[in-house]
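Letter by letter, the chains look like this.
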Amino acid sequence: MPFRKVSFLGFTLGITADKYSAGISIAYNGSLWKALTTSIQRKRRKQMTDKHAADVEKSSAQPAPVAQGTLQEQINSTYWYHTLHFDNGLTTPGQFDQNPILDRYCLPDRLDGKRVLDVATFDGFWAFELEKRGASEVLALDVEGPADCDYLPSRMAQATEEELSIKFGRGFAIAKAAYNSKVERVICNVYDLLPDKFGMFDVVHSGDFLIHLNNPVKALQNIAKVCREYAIISDVYDPSLEAMGERKYLQYHGGHNDVTWWSFSLSGLRAMIEDAGFSRVELIADFTYGQRGHPENMHHAVFKAYK
């Protein structure tokens, strides 16, 4: 592929072309830019450190009993990733609210007789939603705590015993009791997910966690191995990575900020799902959203992958 690069006063102009496509990239790596990005990265690392410390303070070293206190008191004492609504009008202050975008996932109205798996369930929003639609059995898969997440080795080496002893699942337990749910939460890393552990599932759901894995391809392969009919797989992507035509680009972040390892192009994300062991993959939704109280500027794709 022909490639040309010209640099002047810190600016770099790159041009690529072949018979299929062409692309232009502009970059600036002068001293002013380096000073600016260093300052931003320093502030970002401090923000993430402060946020992690705050989450630790809100969480419990063990999934504390949820029978004590009113439901409102239990909600107030817990960190929530998902926004969950209960019949009595109470709502959890989740970091993300999937309720307004639920229809974009095109879930079937009924899942009667289906055995379903929700991967990386956390507070269980999707697991409980799938149960509401009549699934005969729903397993909610999650890791035990931060010690099992894909943090950088340097970050894990700096973690305190208190941080490493944190257990996920308090929010899930509160919600399960409030919903009178039969969803079973099981502890298993997606890297260890195989049919001989929990059997096969008619439907598998996996949402917004591939960017947080240092090996998303392995995770998708394992999801395909336990899937009998189809999987609903969603994640965020970077549309700017589509600028190079048919090439399937990924950007490496190294897990430094918010345990984010990658940015995917839309075509790259789709190809990863296809190559994991699915026969056909459909893009069923493409939209923007964001954290509660923040601009909706995260590009989000939802795929239906058939076995």
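What you see is a predicted model; the values in this text were computed from it and never measured. (Residues numbered from 1 in each chain as written. Predicted model: local features only at pLDDT ≥ 70, side-chain atom pairs only at ≥ 80, totals over all residues. Heavy atoms only, no water.)

### What about the sheet that holds strand β7 (residues 201-207)?
Spatially, the 7 strands line up as an open sheet ordered β6-β5-β4-β7-β8-β12-β11, and their pairing is mixed. Taken across any chain shown, the strands that pair with only one partner, and hence form the sheet edges, are β6 (184-187) and β11 (280-289). Neighbouring strand axes in the sheet, compared pairwise and without regard to direction, differ in orientation by 20° on average. Taken together, the 6 bridges between β7 and strand β8 (residues 227-237) define a ladder with parallel strand orientation. Bridged to Ser206 within β8 is Ile233. (Pairing = 2+ DSSP bridges. Helix = DSSP H or I, 4+ residues; strand = E, 2+ residues; numbered from the N terminus. Axes fitted to C-alpha atoms, helices over the stretch in contact; angles between N-to-C directions.)

### Topic: helix α3 (residues 125-132)
Extensive coverage of α3 is indicated by the burial of 6 of its 8 residues. By the burial criterion, the buried members of α3 are Phe125, Trp126, Ala127, Phe128, Glu129 and Leu130. The secondary structure elements touched by the buried residues of α3 are β4 (115-119), β5 (137-142), α6 (170-179) and β7. Gly134 sits one or two positions beyond α3 and adopts a positive phi of about 95°. (Buried < 20%, exposed > 50% of the residue type's maximum accessible area, 1.4 Å probe, protein only. Contact = heavy atoms within 4.5 Å.)

### Brief notes about the pairing of β5
With 5 of 6 residues buried, β5 lies mostly within the body of the structure. With 5 bridges connecting them, β4 and β5 associate as parallel partners. Counted as the bridge partner of Leu117 is Leu139 from β5. The parallel pair β4 and β5 is bridged by α3, and the resulting crossover is right-handed. Pairing between β5 and β6: 4 bridges, direction parallel. Within β6, the position partnered with Leu139 by the bridge is Glu184. (Right-handed = clockwise from strand over helix to strand, strands pointing away.)

### Quick look at the pairing of β8
Across the 11 residues that make up β8, a large majority, 9, are buried. Bridging between β8 and strand β12 (residues 298-306) involves 8 bridges; their strand directions are antiparallel. Across the sheet, Ser234 pairs through a bridge with Val302, a residue of β12.

### A look at the packing of aromatic side chains
Summed over all chains, the structure comprises 14 aromatic pairs. Centre to centre, the rings of Tyr81 and Phe96 are 5.3 Å apart; their planes meet at 50°, and the pair counts as tilted. Taken as a pair, Tyr81 in the loop between α2 (71-76) and β4 and Phe96 in the loop between α2 and β4 lie far apart in primary sequence, 15 residues in all. A relative accessible area of 22% means that Tyr81 is categorised as partly exposed. Ring centres of Phe122 and Phe168 lie 5.3 Å apart, and the angle between their planes is 55°; on these two criteria the pair is classed as tilted. A residue pair is termed long-range when its members are at least 10 positions apart, and Phe122 in the loop between β4 and α3 and Phe168 in the loop between α5 (161-164) and α6 qualify at 46 residues. When its relative accessible area of 18% is taken as the criterion, Phe168 is described as buried. Cluster of aromatic residues (ring-pair linked, three or more members): Tyr79, Tyr81, Phe96, Phe122, Phe168, Phe287 and Tyr289. Across from the ring centre of Tyr306, 4.0 Å away, lies the NZ or CZ of Arg280, which sits over that ring. Directly above the ring of Tyr230 sits Lys304, whose terminal nitrogen or CZ lies 4.2 Å from the centroid. (Phe/Tyr/Trp six-rings, centres within 6.5 Å; stacked < 30°, edge-to-face > 60°. Lys NZ or Arg CZ within 6 Å of the ring centre and 35° of its normal.)

### Topic: the confidence of the model for the protein chain
Per-residue confidence for the protein chain gives a mean pLDDT of 85; residues scoring 70 or more make up 78%. Every residue in residues 44-62 is under pLDDT 50, and counting partners more than four places away or in other chains gives 24 contacts. (pLDDT = per-residue confidence, 0-100.)

### A closer look at the nonpolar core
If you look at soluble globular proteins, the nonpolar side chains tend to sit buried side by side. Ranked by internal contacts, the top residues of the largest apolar core, which has 72 residues, are Leu117, Val204, Leu210, Ile273 and Phe278. Beyond its immediate stretch of four places on either side in the chain, Leu117 contacts Leu139, Leu141, Leu193, Phe201, Val203, Val204, His205 and Val226. (Core = buried A, V, L, I, M, F, W, Y, C linked by side-chain atoms within 4.5 Å.)

### Here we look at unusual backbone geometry
What is expected of a backbone is that most residues other than glycine have negative phi and most peptide bonds are trans. For Ala120, which is not glycine, the phi dihedral falls at a positive 60°. Its place among the elements puts Ala120 in the loop between β4 and α3. Even without a glycine there, the phi angle at Asn180 is positive, about 55°. Structurally, Asn180 can be placed in the loop between α6 and β6.

### Looking at the side chain of Glu129
Along the chain, Glu129 turns up in helix α3. Other than its neighbours up to four places away in sequence, Glu129 contacts Leu102 and Leu107.

### Focus on the environment of Asn76
Looking at the secondary structure, you find Asn76 in helix α2. A relative accessible area of 59% places Asn76 in the exposed class. Remark: the alpha-carbon pair of Asn76 and Thr92, spanning 16 residues in sequence, is separated by 8.2 Å.

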